[in-house]
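# Per-entry structural report
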Amino acid sequence: MQQGQPSPVRTASPARMSQDEFPFTQEASSSSLPGSSLPPSTPKSTCFTSSSPSALNRSISLFGATGDEIQRHVEDQKSFGDKRETLVSALDSTTGLVKGLAAFNQEKWTIHYPHQLGLTTTAAAPNALQRGTSSPPATSPAKGARPSAVRRSASMFAEEPAEESSRPAPQRSYSTAEGPVKPTAPVDAPPVHPLSILSLDLKLGHPTAPTANLPALLPSLSLATLSQLLSRRLTSAVGHIGQLRQRVTDTNSRILVTGDLNAGKSTLVNALLRREVMPSDQQPCTTVFCEVLDASAWNEGKEELHAVRDVEKYDAADRSTFDAFDLSQVLEVQDMEESPYQIVKAYVHDARAPAEESNEPNPSFIKNGLVSISLIDAPGLNRDTLSTTALFARQSEIDVIVFVVSAENHFTLSAKEFLWNASREKAYVFIVVNKWAGIRDKARCMRVVGEQIKQLSPATWKARQELVHFVDAAEVVDDETEEEIKSSEEEATSFDHLEQSLRSFVLLKRTTSKLAPAKHYLLNLLADLSTLASTNVIAASDELAEALRQLQRVKPIHERLAAQRDEVEEGVDRVEESVVEVVRSATWSRLERAMGYVSQGQVVPPQEATPTSLAGAESLKAPTELPEFPGVMGLWEWASEVKATLVRALEAEVRSAEDEARGETVEGVKKVQDGLGEKYLSTANAGEQGSEEVKEGEKKAERVFRPEVMFAKRRRGLGRLAARGQSTGLGLGSTAVGLSNSFSATDFEVTMFDLLDLQRLYAHGNRLRGKKAITDGEDGVETSAILGLGLGSLGMVGSRVIGIKGTMDSLTRIMEMLGSEKARKWAGPVLGVLTVGFVAYIIVDLPRAVPRNIGRKLQASLSSSLDSSSTATPPITFPSAHSDRIAKETRKVLRLAGWDLRERFRAALERSEKERKEVEATVEKAEGALKFLGEFVEKVEKEETRVEEVAV
Ligand SMILES: Nc1nc2c(ncn2[C@@H]2O[C@H](COP(=O)(O)OP(=O)(O)OP(=O)(O)O)[C@@H](O)[C@H]2O)c(=O)[nH]1
């Protein structure tokens, strides 16, 4: 530096400059862009107190960046890269978490919403998550009191106050079905914040419902519906994360350079590239938008022009979508009258870019190793181009608008209009006041331009230290030789400052426009996930506790019932067998006894323990004695009556046996239904949680035992002994099992022989004669038999009537003498005597003989009808047949009662097994849910910490 030259820029340290000296007084706390990660710029007062042009020229360099600032910008770039990497990783992890929760909600556990548990936003409440899980996913109070800006976006039930910044979250109830907010949470409810991203959009389907009433709708939605709505929310969250990721990872950033005609836009672009790529001329020469891109990044390193007719179809790899020109032909392409091209893409190499690919920050503007910046040189603004450029500027891919204004001309009307509109949409617009070197009264120029900016774009004005630059682009382009480039890196200039600000601003813009939304969205989403998971930890803990309590009740009952299964079977069989045996033997002995009397022609004397007939059962009065003998004249009718009486006596005994069996059966059924039922089913019923209605229904379904219907379908009529065993009508809806044998006491008629005790006579005669008694059923009567009969009868008459036993023996001896020759001559008189004796016997013995004969015949008749059965088995007798029948009927009733009990027991066992399985499944489900949610909350918290640390 030569002597006499004005002091170098750095000696005029910004710190030493007075704020008042700077025409654009910096407003307090607005030295950096709002929300910027850049530290506030050092107040670089650009006081142009000297009116000397050279001094001013030197002062201009005050705008230039110091080495520290450049270093800071470099660090900014690096930090941007780190933040981006962290957020991309967090976005990916969160996608995994959301998908995991969605699958969990679909397959394993229906997610509850906080209001379903009646939770409130009680920030001071102790953390309830510590109960019910070994690894409590605690939400720290610090997290609970997360800055409300993060929460601002949505509330599940009510709008959040916009101004809450440092205040704790308002108390808010989730269960507002009744309208007014009231704290419904249990004392140990965790702090819960309202859901934002995952809140339910209940306006769907209720477009007219006012927001304030929405909470009232929540309780009316079922758990399943809410869970489905949540699924949709989660799916859309995954979609949104995808979009955010795309935006975050998008490295392309576009700067639109626009301004008045001839303001020096092309010159500025060239200056940023440090090479003359765009044509610049006194004459308006930019007619088409021309985008300058890094050739190595976008066109395989090849420098050329792509003149594009249809931007929508453009593909750098597809030659058919553009016309290619040499880079040097740019003026030709621009100069075309009525250009057919929408845009010209100029792929160039930046002179300052490193030859090799590197992610390290470097001085190149378009290839800085972090963000690929493309510069779009727009046609100068006039009435024709204004709307097109405005449209272009509005595109979302345009990160920054650099508005170039000539210091010589200030803002034209078109410029003002554009700036006015653009600043409304983009908030910040870079303003480059170009051709600054030629301005003499720089202070005045600055003041005028400053006033205009203040009005046109207040936001830009506020951040003017970063956004408003006074430069001379032509100087940079003209003067920069290879060597000067080097030296310029060492000596910061105002243009460097512009360049670095622009670069930082692009990064800042990207941070604000891409990283910040991603961070805020992630924090909101993660907070929601944490809330949901925490809420569900409580739900799962409660469910687990309840299920374990249920299991404690249900498991032992089921185990006991399962162990008793065989016991019940055996118990029922035992009762059945014992009762049947009692009935069988009682019946048999009763009938055997009865048959003993009847076969002797006697009525059956009542037994002491004869049961009385049950109400409703058909009763039959047992005859107490035989009808009185009316004399020989009424003999025949009397014999029939005797027969009927004996039959009735037998039948009455059968009835009594049945009554007795019925009584036993009643006892047996009681033993089964009440005794065993009480013993085994009370266990099951005690454990049943079934409603009273169900139990009532089961009771109704039980069979009702009506003992009086047992044996009801017996054959009617005195003449038949009802042994056919047709349906006995047990009253249990069963089909009776019939006996294969049939008894019929009416099958025999009273005959002449019944009136005489021929058999007895015959037997007696034979005994006298030493012969074997004839058997029943032999029709033929031999002479000797008749003789025997006669003798027998005589003897009997004699012994009864005369009363001398000796006479009888003498007569017998006399009769035996008839066989000898000597005795034959006695035959006539003896036979006479015999006949008289016989007749006398008949008359005297009738009242006794007839009943006996009939009884015997009755017995024979009953037995004969059974004799057809196999000889291998014990002979079936009247008592045995009836005892079998009655025992069978008893067994049938008991079996049904047993079957009933078994069924009820089986049903109870099944029910308890089902209940146990259900409870066990619930336990498993809740335990699984707790495990999942515990891990989930941990992961969410890890992500939250990671994302919170990303400063955007
Ligand atoms: N002294 C001086 N002249 C400049 C500066 N910038 C541009 N010029 C001159 O101004 C004229 C117009 O420059 P351009 O870069 O073509 O301007 P432009 O805004 O691109 O023009 P159009 O695209 O046609 O609107 C040229 O002759 C440049 O040499 C500068 O900073 N200082």
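Cut-offs used in this document
- Residues numbered from 1 in each chain as written.
- Predicted model: local features only at pLDDT ≥ 70, side-chain atom pairs only at ≥ 80, totals over all residues.
- Heavy atoms only, no water.
- Helix = DSSP H or I, 4+ residues; strand = E, 2+ residues; numbered from the N terminus.
- Buried < 20%, exposed > 50% of the residue type's maximum accessible area, 1.4 Å probe, protein only.
- Areas by Shrake-Rupley, 256 points an atom, 1.4 Å probe, with all protein chains shown as cover.
- Pairing = 2+ DSSP bridges.
- Axes fitted to C-alpha atoms, helices over the stretch in contact; angles between N-to-C directions.
- Core = buried A, V, L, I, M, F, W, Y, C linked by side-chain atoms within 4.5 Å.
- Contact = heavy atoms within 4.5 Å.
- pLDDT = per-residue confidence, 0-100.
- Phe/Tyr/Trp six-rings, centres within 6.5 Å; stacked < 30°, edge-to-face > 60°.
- Lys NZ or Arg CZ within 6 Å of the ring centre and 35° of its normal.
- UniProt positions renumbered as here; feature names shortened; annotations may be inferred.
- Polar contact = N/O pair within 3.5 Å; in protein donor to acceptor, adjacent residues only side chain to side chain.
- Parallel < 35°, antiparallel > 145°, perpendicular 65-115°, else oblique.
- Nonpolar A, V, L, I, M, F, W, Y, C, P; charged D, E, K, R; others polar.
- Left-handed = near helix turned anticlockwise from the far one by under 90°.
- Patch = residues over 30% accessible without salt bridge, like charges linked within 9 Å, V, L, I, M, F, W, Y side chains within 5 Å.
- Salt bridge = Lys/Arg side-chain N within 4 Å of Asp/Glu carboxyl O.
- Expected span 1.5 Å × (residues − 1).
- Lys, Arg positive; Asp, Glu negative; His and termini not counted.
- Charge placed at Lys NZ, Arg CZ, Asp CG, Glu CD.

## Considerations on the overall build of the protein chain
Along the protein chain, the regular secondary structure elements total 26 helices and nine strands. Per-residue burial for the protein chain yields a buried fraction of 49% across its 952 residues. Summed over all atoms, the accessible surface of the protein chain reaches about 45,300 Å², with 53% contributed by carbon and sulfur.

## As for the sheet that holds strand S6 (residues 372–377)
Ordered by their spatial adjacency, nine strands build an open sheet running S4-S3-S5-S2-S6-S1-S7-S8-S9, and the pairing between neighbours is mixed. What marks the edges here is a single partner per strand, and that holds for strand S4 (323–325) and strand S9 (468–470). Averaged over all adjacent pairs, the angle separating strand axes in this sheet is 20°, with direction ignored.

## Thoughts on the nonpolar core
Ile255, Leu268, Leu375, Val402, Phe495, Leu525 and Leu529 are the most contacted members of the largest nonpolar core, which totals 97 residues. Counting residues per element, this core draws most heavily on helix H17 (residues 494–599), at 23 residues. In contact with Ile255, not counting residues within four places along its chain, are Phe365, Ile373, Ser374, Leu375, Ile376, Val400, Val402, Leu502 and Val506. Core analysis: the second largest hydrophobic core is formed by 39 residues, Leu256, Ala390, Val433 and Val468 among them.

## Considering the confidence of the model for the protein chain
Here the protein chain shows a mean pLDDT of 70. Residues at 70 or above account for 61%. Taken element by element, the protein chain is modelled with least confidence in helix H4 (residues 148–151), mean pLDDT 33, and with most confidence in strand S3 (residues 304–308), mean pLDDT 94. Note that pLDDT drops below 50 for residues 204–213; the model gives that stretch six contacts with residues more than four away or on any other chain. Segment residues 715–746 is flagged for pLDDT under 50; beyond a separation of four residues in sequence, or across chains, it makes 97 contacts in the model. We note a pTM of 0.57 for the whole complex and an ipTM of 0.97 for its interfaces.

## Some details on the packing of aromatic side chains
By the definition in use, this model includes eight aromatic pairs. Centre to centre, the rings of Phe104 and Phe932 are 4.1 Å apart; their planes meet at 15°, and the pair counts as stacked. Taken together, the residues span a long stretch of sequence, with Phe104 in helix H2 (residues 67–108) and Phe932 in helix H26 (residues 878–948) at a distance of 828 residues. A relative accessible area of 5% means that Phe104 is categorised as buried. Relative to Phe470, the ring of Trp436 lies with its centre 4.4 Å away and its plane at 55°, an arrangement referred to as tilted. Taken together, the residues span a long stretch of sequence, with Trp436 in the loop between strand S8 (430–434) and helix H12 (442–456) and Phe470 in strand S9 at a distance of 34 residues. Taking the relative accessible area as the measure of exposure, Trp436 reaches 1% and is therefore buried. Linked through ring pairs, Phe104, Phe932 and Phe936 together constitute an aromatic cluster. Looking at Lys442, its charged tip hangs above the ring of Trp436, at a distance of 5.4 Å from the centre.

## Comments concerning unusual backbone geometry
Positive phi, close to 65°, is recorded for Asn262, a residue that is not glycine. Mapped onto the fold, Asn262 is located in the loop between strand S1 (252–259) and helix H7 (265–273).

## What to know about the UniProt feature "coiled-coil region" (unreviewed entry) in the protein chain
The UniProt record marks residues 902–929 with the feature "coiled-coil region" (unreviewed entry), using the residue numbering of this structure. The straight-line gap between the two end C-alpha atoms of residues 902–929 is 39 Å; of that span, 100% is helix and 0% is strand.

## Section: the environment of Phe470
Residue classification places Phe470 among the buried residues on the basis of a relative accessible area of 1%. Sequence separation between Phe470 and Ala407 is 63 residues; the distance between their C-alpha atoms is 8.1 Å.

## Concerning the side chain of His558
Checked against the element boundaries, His558 lands in helix H17. Within the structure, His558 has its side chain in polar contact with the side chain of Arg916 (distance 3.0 Å). Sequence-distant contacts of His558, that is, excluding residues within four places in its chain, are made with Leu909, Ser912, Glu913 and Arg916.

## Let's talk about the packing of H7 against H17
Two elements in contact, H7 and H17, have axes separated by 11 Å at closest approach and are oriented at 85°. Between H7 and H17, the interaxial angle falls into the category roughly perpendicular. Contacts between H7 and H17 involve Leu268, Ala271 and Leu272 on the former and, on the latter, Phe495, Leu498, Glu499 and Leu502. Split by residue class, the contact of H7 with H17 holds six nonpolar, no polar and one charged.

## Notes on the pairing of strand S5 (residues 343–348)
Within S5, six of the six residues are buried, leaving the element largely enclosed by the surrounding structure. Covered by surrounding structure in S5 are Ile343, Lys345 and Tyr347 together with Val344, Ala346 and Val348, the residues of both alternating faces. Of the strand pairs in this sheet, strand S2 (residues 289–294) and S5 are connected by six bridges, and their pairing is parallel. Bridging across to S5, Glu291 finds its partner in Lys345. As defined by bridge partners, S3 adjoins S5 across five bridges and the pair is classed as antiparallel. Residue pairing for S5: Ala307 is matched across the bridge by Val344.

## Looking at the side chain of Asp294
Mapped onto the secondary structure, Asp294 falls in strand S2. A polar atom in the side chain of Asp294 sits 2.8 Å from the side chain of Ser296.

## Side note on the packing of helix H6 (residues 223–249) against H17
Direction vectors running N to C along H6 and H17 enclose 155°, while the axes themselves pass 10 Å from each other. Judged by the inter-axis angle, H6 sits roughly antiparallel to H17. Crossing geometry of H6 relative to H17 is assigned as left-handed. Side by side, H6 and H17 meet where Leu230, Leu234, Ala237, His240, Ile241, Leu244, Arg247 and Val248 of the first sit next to Arg510, Ser513, Lys514, Leu515, Pro517, Ala518, Tyr521, Leu525, Leu529 and Leu532 of the second. Grouping the amino acids of the contact of H6 with H17 by side-chain chemistry returns 13 nonpolar, two polar and three charged.

## Considerations on a nonpolar patch on the surface
On the surface, a cluster of nonpolar side chains totalling about 320 Å² of accessible area is made up of Val632, Val839, Ile843 and Val844. Mapping Val844 onto the fold places it in helix H25 (residues 827–864).

## Focus: the pairing of S6
Counted residue by residue, S6 has six buried out of six residues, so it is predominantly covered. Side-chain alternation along S6 places Ser372, Ser374 and Ile376 on one buried face and Ile373, Leu375 and Asp377 on a second face that is also buried. The sheet contact formed by S1 and S6 spans six bridges and is parallel. Each residue of the ladder has a partner; that of Val257, found in S6, is Asp377. Of the strand pairs in this sheet, S2 and S6 are connected by three bridges, and their pairing is antiparallel. Paired with Glu291 across the strands is Ile376, a residue of S6.

## Section: H12
Here H12 is 15 residues long and its end C-alpha atoms lie 20 Å apart, about the 21 Å a rise of 1.5 Å per residue gives. Listed as buried for H12 are Lys442, Ala443, Cys445, Met446, Val449, Gly450, Gln452, Ile453 and Leu456.

## Section: a negative patch on the surface
A cluster of acidic residues, Asp281, Glu332, Asp335, Glu337 and Glu338, forms a negative patch on the protein surface. Structurally, Glu337 is set in the loop between helix H9 (330–335) and S5.

## Considering the environment of Asn382
Locating Asn382 in the fold gives a position in the loop between S6 and helix H10 (383–394). When its relative accessible area of 24% is taken as the criterion, Asn382 is described as partly exposed. Non-local contacts of Asn382, meaning those with residues more than four positions away in its chain, are made with Leu261 and Ser414.

## Considerations on the environment of Val506
Within the fold, Val506 resides in helix H17. Residues Val506 and Gln77, spaced 429 residues apart in sequence, show a C-alpha to C-alpha distance of 10.0 Å. Not counting chain neighbours up to four residues away, the residues in contact with Val506 comprise Ser253, Ile255, Val371, Ile373 and Val400.

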